[in-house]
Amino acid sequence: MVTVTPPLSSQDLHLQQAKTSIQQALNWFASVRRHWNYPPNQALQTAIRPELQALKSALDKVEESVFKIATFGLVSRGKSAVINALMGQSLLPTGPLHGVTQWPQFLRWQTSEKIHIDLIDTPGLDEVAGDVRSEMAQTIAQQADLILFVVAGDITRTEYEALVYLADHGKPMILVFNKIDLYPEQDRQAIYQQLQQLAARPEQIPLLSTDDIVCVAAEPRSEPLRLEFTDRPDEEIWETPAPLIDPLRQKILEILNHQGRSLLALNALVQTQAAEQRIAEKTRELRDAEAEAMIWKYAQYKSLAIAINPIAVLDLVGGVVTDLFLIRALARLYGLPITSFEAGKLWQKILVSSGGIIVSELASNFFLSVNKANNLLENPGNLGTYASTAFFQAAIAAYGTYLVGQATKTYLVNGCSWGPWGASTAIEAILEQMDPQTPIYRLLKQKIGSSQGNKEKNQN
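Student: Would you explain the overall build of the protein chain in this entry?
Tutor: Across its full length, the protein chain carries 15 helices and 8 strands. Within the protein chain, the fraction of its 460 residues that count as buried is 47%. A sequence separation of at least 24 residues applies to 74% of the contacts in the protein chain between residues at least 6 apart. Accessible surface, the protein chain: about 23,000 Å² in total, of which carbon and sulfur atoms supply 55%.

Student: Help me understand the side chain of K171, please; the structure alone is not making it clear to me.
Tutor: Along the chain, K171 falls in the loop between helix 6 (157-167) and strand 5 (173-177). Here the side chain of K171 touches A141 through a polar contact of 2.8 Å, landing on its backbone oxygen. A polar side-chain atom of K171 sits 2.9 Å from the main-chain carbonyl oxygen of Q142.

Student: How should the layout of surface pockets be read in this particular structure?
Tutor: Picture a little ball the size of a water molecule; that probe, rolled over the atoms, points out where space is still empty. Size it by volume and the second largest pocket reaches roughly 630 Å³. Lining the second largest pocket are 22 residues, and of these T139, Q142, Q143, K171 and Q271 lie nearest its centre. The set of elements that each furnish at least two residues to the lining of the second largest pocket consists of helix 3 (49-64), strand 1 (66-72), helix 5 (130-143) and helix 8 (246-308). Along the lines of polarity and charge, the residues of the lining of the second largest pocket split into 5 nonpolar, 8 polar and 9 charged.

Student: Even after reading the chapter, I still don't get the sheet that holds strand 5, so can you show me in this structure?
Tutor: Across a sheet, strands are paired by hydrogen bonds formed along the backbone, either parallel or antiparallel in direction. Reading across from one edge, 2-3-1-4-5-6 is the order of the 6 strands in this open sheet, with mixed pairing throughout. Looking along the sheet, the strands with just one partner apiece sit at the ends: strand 2 (105-109) and strand 6 (213-215). Recorded for the sheet is a direction-independent mean angle of 25 degrees between the axes of neighbouring strands. Judged from the 5 bridges that link them, strand 2 and strand 3 (residues 116-121) form a sheet pairing that is antiparallel. Paired with Q105 across the bridge in strand 3 is D121. Set on the sheet, helix 4 (residues 79-87) makes contact with strand 1, strand 2, strand 3, strand 4 (146-151) and strand 5; between it and strand 3 the angle comes to about 155 degrees.

Student: What is the right way to look at the packing of helix 3 against helix 8 in this model?
Tutor: The geometry of a pair of packed helices is captured by two quantities: the angle between their axes and the separation between those axes. Packing of helix 3 against helix 8 leaves a shortest axis separation of 9 Å and a crossing angle of 165 degrees. Classified by the angle between their axes, helix 3 and helix 8 sit roughly antiparallel to one another. Between helix 3 and helix 8 lies a crossing of left-handed hand. Where helix 3 abuts helix 8, its residues E51, L52, A54, L55, S57, A58, K61 and V62 lie against L264, A265, N267, A268, Q271, T272, A275, R278, I279 and K282. Within the contact of helix 3 with helix 8, the residues separate by chemical class into 10 nonpolar, 4 polar and 4 charged.

Student: Please explain the confidence of the model for the protein chain as it appears in this structure.
Tutor: Segments scoring low in pLDDT should not have their predicted coordinates read at a detailed level. Taken over all residues, the pLDDT of the protein chain has a mean of 78, while the share at 70 or more is 74%. Taken together, the stretch residues 353-357 has pLDDT below 50 and engages in 4 contacts with residues farther than four places along the chain or on a different chain.

Student: Quick question: what am I supposed to make of the nonpolar core here?
Tutor: For soluble globular proteins, the rule of thumb is that nonpolar side chains tend to be buried together. In this structure, L86, L148, I174, L248 and I252 are the most contacted members of the largest nonpolar core, which totals 71 residues. When residues of this core are assigned to their parent elements, the largest contribution, 18 residues, is made by helix 8. Those residues within four positions of L248 in sequence are excluded, and the remaining contacts are V82, L86, L148, I174, V176, V214 and V216. One finds F72, L74, I120 and A144 within the second-largest nonpolar core, a separate group that totals 29 residues.

Thresholds, definitions, all that
Residues numbered from 1 in each chain as written. Predicted model: local features only at pLDDT ≥ 70, side-chain atom pairs only at ≥ 80, totals over all residues. Heavy atoms only, no water. Helix = DSSP H or I, 4+ residues; strand = E, 2+ residues; numbered from the N terminus. Buried < 20%, exposed > 50% of the residue type's maximum accessible area, 1.4 Å probe, protein only. Contact = heavy atoms within 4.5 Å. Areas by Shrake-Rupley, 256 points an atom, 1.4 Å probe, with all protein chains shown as cover. Polar contact = N/O pair within 3.5 Å; in protein donor to acceptor, adjacent residues only side chain to side chain. 1 Å grid on protein atoms, 1.4 Å probe; cavity = no way out; pocket = protein on both sides within 12 Å on 5 of 7 lines; lining within 4 Å. Points joined across faces, edges and corners; volume = space filled by probe spheres on them. Nonpolar A, V, L, I, M, F, W, Y, C, P; charged D, E, K, R; others polar. Pairing = 2+ DSSP bridges. Axes fitted to C-alpha atoms, helices over the stretch in contact; angles between N-to-C directions. Parallel < 35°, antiparallel > 145°, perpendicular 65-115°, else oblique. Left-handed = near helix turned anticlockwise from the far one by under 90°. pLDDT = per-residue confidence, 0-100. Core = buried A, V, L, I, M, F, W, Y, C linked by side-chain atoms within 4.5 Å.

Following this line, the structure appears as structure tokens:
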């Protein structure tokens, strides 16, 4: 009997695409052989160690399918109580005093066989010192796939600034209006409408919509209950209602079921994209002296070959071939994979992006080569005219190669994640398979906008 393997769902396919892309990046950048025959640069390997760790963390994220949800908010907003209510048990300490939570805490919330959830409780944003608070918030926000921002009334200026700061990390967000049991119905509605108006301003907090506001009572206050008896005096006891948390739980599960694994894959790829970009920038910084020497060496080879060659067509072909070899040599020096075919495409893009300067160089070289050859053929003794023309042509050729080299350096750094299995390429492929109307699509389109701009800038 033949066993038929069911096809992967779109979300599982996205996870597989992310895993392949991140694995390729980790294998390549962790290998000293990425620089081909150039000797290993120990300073460079040391410098990119944090980025390699980030790539390993991103790979672990997709392999383990761990979806991370971080709670943020000011002190006494009930962040720990919200997590306890979601978990169905009191695992985190809560209390009336400020600052019960002193450092981030992780709890595993098992809701599905396909995906695991880590709930992250954080200290109050106004409880931690400024620099430490910013560093902690940035680290946790980068790790998170979804952010719960907990408020407990009218939003304050500090909360608004924190919302804007967290939104800048490009993660979907749920605004949790906690402690609604403390407000009369009219006041509760007024606060809810205020939060809706805030969420309806995409120019201020673009990753939040009115559908992302959830009202809960994670730790309801106790209420008096009067017990009446026929055979003894009546008694009054205090009863604590069950937490009102189902709207938030349902919202989270809705996101997980419809977008969870895709969001996890995309967030891991965004983390990979950032790591690849940092590796490229550090590589350029530490290899810049070698790259400059290489560019001038190829410029000298090209100018010398063109100066002594009397055949116009060979000048033109030889100049193009020299620039192609320079592109490949720079790619190998930087440790970025590039084939001869890709080098040819890169040269065409650089030719277009460099505009009239390189075009003028090619045209000038051709006509000067013709003039140089005619002078030599018509009057073999006229070596002075030949030499002056050759010198002028060689100078133009050397400058053209210098421009190609500088453009190649910029292109390689900006396009480091756009290879066949690059993170930016994988993100673009996943987004093409998604509904443009979904929040996650709009979210990631905005998140990678600058990276996409870099790609288009290098292609134009």
